[in-house]
Amino acid sequence: MQPFRRLDDAVACPLPLANVDTDQLIPARFMKQPRAAGYGGFLLHDLRFEVDGSSRGLSLDDPAFAGAGVLVARRNFGSGSSREAAVYALVDFGFRCVIAPSFGDIFASNAVNNGLLPARVDAAAAERLLDHATAGRRVAVDLETRTIRVDGETMPFAIDEVWRTKLLNGWDDIDLTLSHTAAIRAFSAERAVLFPWSLPRRQG
């Protein structure tokens, strides 16, 4: 997984909606497609397109926000089911970071495991960022300092420390466990001395 340290001069796409759930992020009917085909075209499909396929004018399809690496939304982003495909759709569309006042817990965990930063800001900061994004101002997101910079303003964001460590290093859960290899081996050796009876018997 690609590490996330910072984004500089990133296009930010405004999505001034609350309670965007995972079924909206990717409707279930598209999840039959193989991941290798790419899920980006399905992102927010039913909010973006009419039944006949014409655009509803959502910001994601506005040329002004083409190539956006940051999505700014309102509270409770990614609520609903646990489908990891919702994160796939965001990542495949090109987003590296979603900024919102709050996230669905499982969505946020899935995001981190796929290299997508879920940056929590307070509601007032989210509204300012939505205004900045709508005005076309670019943003910088720094995970090491947990800050967002835009138009001369610096805003802090929150993220679980373990998730921050995983993103900075490009680790999944297995990589995180392997980072404790020395401690695990030391514990195992100590247990073997103190409680030899707990070890499995060798056959033969």
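The name given to the chain in an unreviewed UniProt entry is 3-isopropylmalate dehydratase, and the organism recorded there is Rhodoplanes azumiensis. Under the Sequence similarities (unreviewed entry) heading, UniProt states for the chain: "Belongs to the LeuD family. LeuD type 1 subfamily." Here the chain is described in UniProt, under the heading Function (unreviewed entry), as follows: "Catalyzes the isomerization between 2-isopropylmalate and 3-isopropylmalate, via the formation of 2-isopropylmaleate."

Colleague: Would you take a moment to explain helix α4 (residues 105-113) for this structure?
Modeller: Quick reminder: α-helices carry 3.6 residues per turn. Residues three or four places apart thus point the same way. Those residues of α4 lying buried are Phe 107, Ala 108, Asn 110, Ala 111 and Val 112. On the buried face of α4, the contacting elements are α1 (22-25), α3 (85-93), β5 (117-120) and α6 (161-169). Phi turns positive, to about 80°, at Gly 115, one or two residues after α4.

Colleague: How do you make sense of the side chain of His 132 when you look at a structure like this?
Modeller: Looking at the secondary structure, you find His 132 in helix α5 (residues 123-134). Apart from residues no more than four positions distant in its own chain, His 132 is found in contact with Arg 137, Val 150, Asp 151, Glu 153 and Met 155.

Colleague: I tried to follow α6 on my own but got confused; where do I start?
Modeller: Taken together, the buried positions of α6 are occupied by Arg 164, Lys 166, Leu 167 and Leu 168. Summarising the contacts, the buried residues of α6 are in contact with α4, β5 and α7 (173-178). For α6, the N-terminal cap is Asp 160; the gap from its side-chain oxygen to the backbone nitrogen of Val 162 is 2.9 Å. Just downstream of α6 lies Gly 170, where phi reads positive at about 70°.

Analysis parameters
Residues numbered from 1 in each chain as written. Predicted model: local features only at pLDDT ≥ 70, side-chain atom pairs only at ≥ 80, totals over all residues. Heavy atoms only, no water. UniProt positions renumbered as here; feature names shortened; annotations may be inferred. Buried < 20%, exposed > 50% of the residue type's maximum accessible area, 1.4 Å probe, protein only. Helix = DSSP H or I, 4+ residues; strand = E, 2+ residues; numbered from the N terminus. Contact = heavy atoms within 4.5 Å. Polar contact = N/O pair within 3.5 Å; in protein donor to acceptor, adjacent residues only side chain to side chain.

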